[in-house]
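Residues per chain, in single letters:
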Amino acid sequence: MTDGRQELVEMLVQEMPWYVSSAVRFQMAVADQLGMPLTDVHALGALMEFEPIGARRLADLMGMTTGAVTRIVDRLERGGYVRREPDPNDRRRIVLRLVPERVGQIARYYESMDVRWQRQIGGYTDAELRFLVEFLRRGGEYAQAETVALRARGRAHGTRSRQPRGIT
């Protein structure tokens, strides 16, 4: 690897956690504007990605107990963001669905970010855009795999009963 390439790789590796931290801080600011806990905003994001899903699946995605997720869903339902519906495949089960009109009201907090993104990617070639899409998809898959691995070898998600390994 050339010195210039090595330097670029190091810069990229350094920038990634900073980018993620900035994105989390932005989500925190959105949650503050909405007057809701950050976990509720993340639950809405998970529902946008995976709906319709049951509370147990949402709990697994968020690394929380089903009881904690039930409280989140209760708040989101009271706020008009989600509704519980019978599962069309198994009417004994309940699934969660977003209320599009209500969730759409949150979009205003993301509009200026969208403008910035559109401006930034507007000058990229199709090949560069394909690369970015693939990079983000793989990064998401890696993050999910690492989340599962960390929960498997460390503290079980949604609990406080098991000490992480290596901590006494």
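In case you missed it, the structure is sitting above this.
Now for a quick tour of the structure. (Residues numbered from 1 in each chain as written. Predicted model: local features only at pLDDT ≥ 70, side-chain atom pairs only at ≥ 80, totals over all residues. Heavy atoms only, no water.)

### With respect to unusual backbone geometry
The condition that has to hold: Helical segments are the DSSP runs of H or I of at least four residues, strand segments are the runs of E of at least two, and each set is numbered from the N terminus.
Here E51 and P52 are connected by a cis peptide whose omega angle stands at -5 degrees. The topology assignment puts P52 in the loop between α2 (38-50) and α3 (55-62).

### Comments concerning the environment of Y124
For clarity, the cut-off: Contacts: residue pairs with any heavy atoms within 4.5 Å of one another. Under the rule applied, a polar contact is a pair of N or O atoms within 3.5 Å (in protein, one hydrogen donor and one hydrogen acceptor; residues adjacent in sequence only if both atoms are side-chain atoms).
Within the secondary structure layout, Y124 lies in the loop between α6 (111-121) and α7 (126-153). Sequence spacing of Y124 and G54 is 70 residues, and the spatial spacing of their C-alpha atoms is 39 Å. With sequence-adjacent residues up to four places away left out, Y124 is seen in contact with L129 and L132. Engagement of the side chain of Y124 in a polar contact is seen with the side chain of Q120, the distance being 3.1 Å.

### Topic: the packing of aromatic side chains
Cut-off, in case you're wondering: Only Phe, Tyr and Trp rings take part, Trp by its six-membered ring, and two of them pair if their centres are within 6.5 Å. Stacked means planes under 30 degrees apart, edge-to-face means over 60, and tilted covers everything else. Burial status follows relative accessibility: with a 1.4 Å probe on protein chains alone, a residue under 20% of its type maximum counts as buried, one over 50% as exposed, and anything between as partly exposed. Should the NZ of a Lys or the CZ of an Arg lie within 6 Å of a ring centre and within 35 degrees of the ring normal, that charge is described as sitting over the ring.
Enumeration over the complete set of coordinates arrives at three aromatic pairs. With 5.5 Å between their ring centres and 75 degrees between their planes, F26 and Y110 make a pair best called edge-to-face. Of this pair, F26 sits in helix α1 (residues 3-34) while Y110 sits in the loop between α5 (100-104) and α6; the two residues are 84 residues apart in sequence, bridging distant segments of the chain. Taking the relative accessible area as the measure of exposure, F26 reaches 24% and is therefore partly exposed. The positively charged end of R57 is found above the aromatic ring belonging to F50, 5.1 Å away from the centroid.

### Regarding the pairing of strand β1 (residues 82-87)
The condition is simple: When DSSP locates at least two bridges between a pair of strands, those strands are taken to pair.
Sheet topology note: the β1/strand β2 (residues 90-98) ladder contains six bridges and is antiparallel. Each bridged residue has a counterpart across the sheet, and for P86 the counterpart in β2 is I94. In textbook terms, the turn of a hairpin is the stretch between consecutive antiparallel strands, and for β1 and β2 this stretch comprises two residues.

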